[in-house]
Amino acid sequence: MFFLKTFFGKSKDQMADFLVQHARYQTMGRSGAGSYSNCCKVHSLGLRGAQLNKAREVVQLDNLAELIGAPINRFREETGGQYTVGFNGRSGGHMVLYSGEYYDSEYKSYCKQCHQRNYQAVPEGKSAPCAVCSHPRTNYKVPPRFHRVHSSGIDAGMSREDFLELDEASLKVKFDLVQRFDQVCDQVRSEFITLLDDFIVIEEQVMVPQMVKRLARI
Ligand SMILES: [Zn+2]
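Residues numbered from 1 in each chain as written. Predicted model: local features only at pLDDT ≥ 70, side-chain atom pairs only at ≥ 80, totals over all residues. Heavy atoms only, no water.

**Regarding the coordination of the zinc ion**
For a metal with four donors in a tetrahedral arrangement, the ideal angle between donors is 109.5 degrees, while six donors in an octahedron ideally sit at 90 or 180 degrees. We apply this condition: Metal sites are built from N, O and S donor atoms within 2.8 Å, or 3.2 Å for Na, K and Ca, and they leave out water, so they may look incomplete. Angular criteria define each label, namely tetrahedral for four donors with all angles between 85 and 135 degrees, square planar for four and octahedral for six donors with opposite donors over 155 degrees apart and remaining angles between 65 and 115, and irregular for whatever fails these tests. Remark: exposure states derive from per-residue accessible area (1.4 Å probe, protein chains only) relative to the maximum for the residue type, with buried under 20%, exposed over 50%, and partly exposed in between.
Only Cys 111 (SG), Cys 114 (SG), Cys 130 (SG) and Cys 133 (SG) from the protein coordinate the zinc ion, and they sit 2.3 Å from it. In this structure, the zinc ion is coordinated by four donor atoms arranged in tetrahedral fashion, with angles at the metal of 102 to 118 degrees. Read N to C, the donor residues that coordinate the zinc ion are spaced as C-x2-C-x15-C-x2-C. The class for Cys 111 is buried, based on a relative accessible area of 0%.

**Quick notes on the pairing of strand 3 (residues 83-88)**
Basically, it comes down to this: Should DSSP find at least two bridges between two strands, the strands are taken to pair. Numbering of helices and strands starts at the N terminus; helices are DSSP runs of H or I of at least 4 residues and strands are runs of E of at least 2.
Judged from the six bridges that link them, strand 3 and strand 4 (residues 94-104) form a sheet pairing that is antiparallel. Residue Tyr 83 lies in a different strand from strand 4, and its bridge partner there is Ser 99. Taking the residues between adjacent antiparallel strands as the criterion, strand 3 and strand 4 are bridged by five residues, where Gly 89 takes a positive phi near 90 degrees.

**Side note on the packing of helix 1 (residues 12-21) against helix 6 (residues 168-198)**
Heads up, the rule is: Here the axes come from fitting lines to C-alpha atoms, over the contacting stretch only for helices, and the angles between their N-to-C directions go from 0 to 180 degrees. Here roughly perpendicular refers to angles of 65 to 115 degrees, roughly parallel to angles under 35, roughly antiparallel to angles over 145, and oblique to all remaining angles. Left-handed describes a crossing whose near helix is turned anticlockwise from the far helix through less than a right angle; right-handed describes the clockwise counterpart. In what follows, a contact means two residues having at least one pair of non-hydrogen atoms within 4.5 Å. Side-chain classes are defined by residue name, with Ala, Val, Leu, Ile, Met, Phe, Trp, Tyr, Cys and Pro counting as nonpolar, Asp, Glu, Lys and Arg as charged, and the others, Gly among them, as polar.
It is at 10 Å that the axes of helix 1 and helix 6 come closest, and there the two elements cross at 45 degrees. The orientation of helix 1 relative to helix 6 falls into the category oblique. The two elements helix 1 and helix 6 meet at a crossing, and its hand is left-handed. Across the interface between the two elements, Lys 12, Met 15, Ala 16, Phe 18 and Leu 19 from helix 1 touch Glu 168, Leu 171, Lys 172, Lys 174, Phe 175, Val 178, Gln 179 and Asp 182 from helix 6. Its residues assigned to classes, the contact of helix 1 with helix 6 comprises seven nonpolar, one polar and five charged.

**Observations regarding the nonpolar core**
Heads up, the rule is: The set of buried Ala, Val, Leu, Ile, Met, Phe, Trp, Tyr and Cys residues whose side-chain atoms join them within 4.5 Å is what this entry labels a nonpolar core.
Ranked by internal contacts, the top residues of the largest apolar core, which has 34 residues, are Leu 19, Tyr 36, Leu 47, Val 85, Met 95, Leu 97 and Phe 192. Among the elements of the structure, helix 1, helix 2 (49-58), helix 3 (64-68), helix 4 (70-78), strand 4 and helix 6 are those that each provide at least two residues to this core. With residues up to four places along the chain from it excluded, the contact list for Met 95 reads Phe 3, Tyr 36, Ser 37, Asn 38, Cys 40, Val 85, Gly 86, Phe 87, Phe 181, Cys 185 and Val 188.

**Re the sheet that holds strand 7 (residues 137-139)**
Taking strand neighbours across the sheet as the criterion, the three strands line up as 6-5-7 in an open arrangement whose pairing is antiparallel. Every interior strand has two partners, whereas the edge strands, strand 6 (117-118) and strand 7, have only one.

Have a look at this one:
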């Protein structure tokens, strides 16, 4: 375990010390909101020579968050969307615990061809074209659920005394949450190291279709 610390005995004092001493990140600039964090800059992940060199390349991958994000998705699911982990700071060097929520996207149908979503359902027995490519749209069986994070921060400005004033059960809830966060960070780190050990970075050129606006004479 790299980020997760093992505790023998969890007195209120120990839990309060743990919470107040945990690394934090100021998520919202000077407004004072902030949350628990772990530094995940490549040089502070405990990597060896060759791994470290490769890590510097791998962090530039466009789809990195997707490749190593499975533990975060599991965490978000298990908390019913109440919490998630985001990458923050210059080049995403900090993993930060966020509170959040799932919300209904209100999309009713989509295009199987180009994945464009639509707020209108396709009436039963009828056909309705995609606004982009005219392919017939399909109604969602389960409408897609989106997730948003709250900007309020977590336990911002709480002192050791504030934590000790909580009853033991409430303090334990906070303690367990932050320990679980540390565990998720460990799991993301493991995913990252697996990438380093099992894959090489290849460069390829991709053609990106681009929508441009121009004037045409009428
Ligand atoms: Zn389409």
